[in-house]
Every structure is written in C-alpha cells, then in structure tokens.
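# Report on the structure
Residue strings, one per chain:
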Amino acid sequence: MNDRDRINDNLNEMSDTIDCLYTTANSCVRNKLLNHLRRNVSNLSMLVQGLQIGESTNSSQISTGRLFTPDELAGYNGKNGNPAYVAVNGIVYDVSNVAAWGGATHFGLAAGADVTSQFASCHAGQPILGKLKMVGKMKE
Ligand code: HEM
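All residue numbers refer to position in the chain's written sequence, counted from 1. This being a predicted model, a pLDDT of at least 70 is required before a residue's local features are given, and a value of 80 or more before pairs of side-chain atoms are given or counted; all residues contribute to the totals for chains, interfaces and linings. The basis for every side-chain value is the complete set of heavy atoms in the structure, and neither hydrogens nor water enter the calculation.

Put simply, DSSP H or I for four residues or longer makes a helix, DSSP E for two residues or longer makes a strand, and each gets a number counted from the N terminus. Counting secondary structure elements, the protein chain contains 4 helices and 6 strands. Here's how the labels work: a residue is buried when its accessible area is under 20% of the maximum for its type, exposed when over 50%, partly exposed in between, all with a 1.4 Å probe on protein chains only. The buried share of the protein chain, reckoned over its 140 residues, is 35%. Intrachain contacts of the protein chain at a sequence separation of at least 6 include 67% that bridge at least 24 residues. Of the roughly 8300 Å² that the protein chain leaves accessible, carbon and sulfur atoms contribute 53%. In this description, contact between two residues means that some pair of their heavy atoms is separated by no more than 4.5 Å. In this description, accessible areas are obtained by the Shrake-Rupley approach with a 1.4 Å probe, and a residue is regarded as covered only by the protein chains that are shown.

Attention now goes to the coordination of the iron atom of the ligand. Because water is not among the atoms used, a metal site may look incomplete, as its donors are only the N, O and S atoms within 2.8 Å, or 3.2 Å for Na, K and Ca. Summarising the metal site, the iron atom of the ligand is bound by the protein donors H106 (NE2) and H123 (NE2), whose distances to it range over 2.0 Å. Irregular is the label for any site that misses the other tests, which are tetrahedral for four donors with all angles between 85 and 135 degrees, and square planar for four donors or octahedral for six when opposite donors exceed 155 degrees and the remaining angles lie between 65 and 115. Taken together, the 6 donor atoms surrounding the iron atom of the ligand define angles of 87 to 179° at the centre, an arrangement classified as octahedral. Linking H106 in strand β4 (residues 105-106) with H123 in helix α4 (residues 116-123), this pair joins segments that are 17 residues apart in sequence. H106 sits in the buried class, given a relative accessible area of 12%. Assessed through its relative accessible area of 22%, H123 is described here as partly exposed.

Nearness here has a simple test: a residue counts as near a molecule or strand if at least one of its heavy atoms is within 4 Å of that partner. Taken together, 13 residues lie near the ligand, and W101, H106, C122, H123 and K131 sit nearest. Here a polar contact is taken to be a pair of N or O atoms separated by no more than 3.5 Å, where protein atoms must pair a possible hydrogen donor with a possible acceptor and residues adjacent in sequence count only if both atoms sit in side chains. H123 is positioned such that a nitrogen or oxygen atom in its side chain is 2.8 Å from a nitrogen atom of the ligand. Top contributing element to the shell around the ligand by residue count: α4, with 3 residues. Classification used: nonpolar for Ala, Val, Leu, Ile, Met, Phe, Trp, Tyr, Cys and Pro, charged for Asp, Glu, Lys and Arg, polar for all others including Gly. For the shell around the ligand, the per-class residue count stands at 10 nonpolar, 2 polar and 1 charged.

So, about the pattern of salt bridges. Any carboxyl oxygen of Asp or Glu that lies within 4 Å of a side-chain nitrogen of Lys or Arg is treated as forming a salt bridge with it. The final tally for this structure, using the stated rule, is 1 salt bridge. Put simply, E72 and R66 hold a salt bridge, and the shortest N to O gap is 3.9 Å. Judged by relative accessible area, which is 27%, R66 ranks as partly exposed.

The definition of a nonpolar core used throughout is a set of buried Ala, Val, Leu, Ile, Met, Phe, Trp, Tyr and Cys residues joined through side-chain atoms within 4.5 Å. Ranked by internal contacts, the top residues of the largest apolar core, which has 13 residues, are V86, V88, Y93, V95, A111 and L129. Elements with a contribution of two residues or more to this core: β2 (85-88) and β3 (91-94).

Right, let's get into the sheet that holds β3. In spatial order, the strands read β1-β6-β3-β2; together these 4 strands make up an open sheet with mixed pairing. Strands at the two margins of the open sheet, each flanked by one partner only, are β1 (66-68) and β2. Going from strand to strand, the sheet's axes swing by 40° on average, the running direction of each strand aside. Paired strands, as defined in this entry, are two strands with at least two bridges between them according to DSSP. Pairing geometry for β2 and β3, over 4 bridges, is antiparallel. Paired with V86 across the bridge in β3 is Y93. All axes are obtained by fitting lines to C-alpha atoms, using only the stretch in contact for helices, and the reported angles, taken between N-to-C directions, cover 0 to 180 degrees.

For A104, which is not a glycine, the phi torsion comes out positive at approximately 60°. Following the sequence through the fold, A104 ends up in the loop between β3 and β4. The exposure class of A104 is buried, given its relative accessible area of 9%. For F107, which is not glycine, the phi torsion reads 50° and is therefore positive. Along the polypeptide, F107 turns up in the loop between β4 and β5 (109-110). The class of F107 is exposed, set by a relative accessible area of 78%.

All we've got here are geometric facts, nothing functional implied.
This is the structure in structure tokens:
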C-alpha cells in the first residue's frame, strides 16, 4: 500500500467516524470516536511529512537521501559507536542525540527498528516528529 492509499484510508475512516459522532449521545463512545479521529490526524501529518520527504529525497536535499531496508536499519542500533535511528511510518529519524532516547533505548524500545505502531499508541497527536532529524526513508 503506498502513502496515497494510506491517506485515502485515513480520510475515509474519518468521514465514517464523523457520521457516527452525529448519531452518538453516549459520551464514552464519543470520546473513543474522537480519539480515533486524533489518531487519523496524527497518521495524516506523518504521511504528509512522508510525501514532503519523498519530494526532497528526489532532489536529494536530505543529509544522506538514503533508503533503508529493515536489515540496514537494524545496524543503526546506537551500539558500538553506531548512530541510533528509528523508523516511523516509512521515515527514518536520527535519535542519537535525543535525551529521551538515551542509551539508544526509550521505554523498553530499542533503536534500529520500525516503531510506527508504538509511536501511534504512545504519542498520537503530539508534535514530536517535527523536532527529529530525518535521515531517509524505508525502502518500499
Ligand atoms: C512504548 C511507547 C512509548 C512510551 C511509553 C513513550 C513515553 C514517552 C515519555 C513519557 C516521554 C517524555 C519523557 C521525557 O521527556 O524524557 C517521551 C518523550 C519522547 N518520545 Fe516517547 N514514548 C514511547 C514511544 C516513542 C516512540 C516510538 C518514539 C519514536 C520516535 C518516541 C519518541 C519520543 C521523543 C523524540 C521524545 C522527546 C520529546 C521532546 O523532547 O519533546 N517515543 N516518550
């Protein structure tokens, strides 16, 4: 599935959720639906960033402009002097100098991996990725 398909999926989900919100009086259900919308917004912001990085990758404006396989990413685990990288929604970020990722770990997570689902469940809607240095994309 490519980024545009993911964007359309999120937009369709949001439209369905809004339809449900019109007919839901139960505040607990409404909160769940609103959280779902927030997750869609977070996904879309990351996907838009992905498209922007795609455009800039083409013009190789990113420091390395690299495309990573999961095996290549695993080598950037922050050990033995290697930088610490993580992937979120197809974008690879450098967390080597991020205090919250000290020792190349973060709340049980280790660098060198795709942490898309953990990011969505722990930081949905938080403007964190914009602070991180992008170093490339995951190979599709
Ligand atoms: C297991 C899921 C996660 C939990 C429980 C979690 C929890 C937290 C907490 C409590 C903080 C604030 C701590 C501090 O300031 O030292 C934080 C910060 C941060 N987290 Fe996570 N996190 C999770 C997953 C992730 C993932 C997957 C990423 C991937 C990029 C990430 C990136 C960050 C960054 C960059 C910060 C620093 C934010 C800043 O400086 O404003 N976290 N996280």
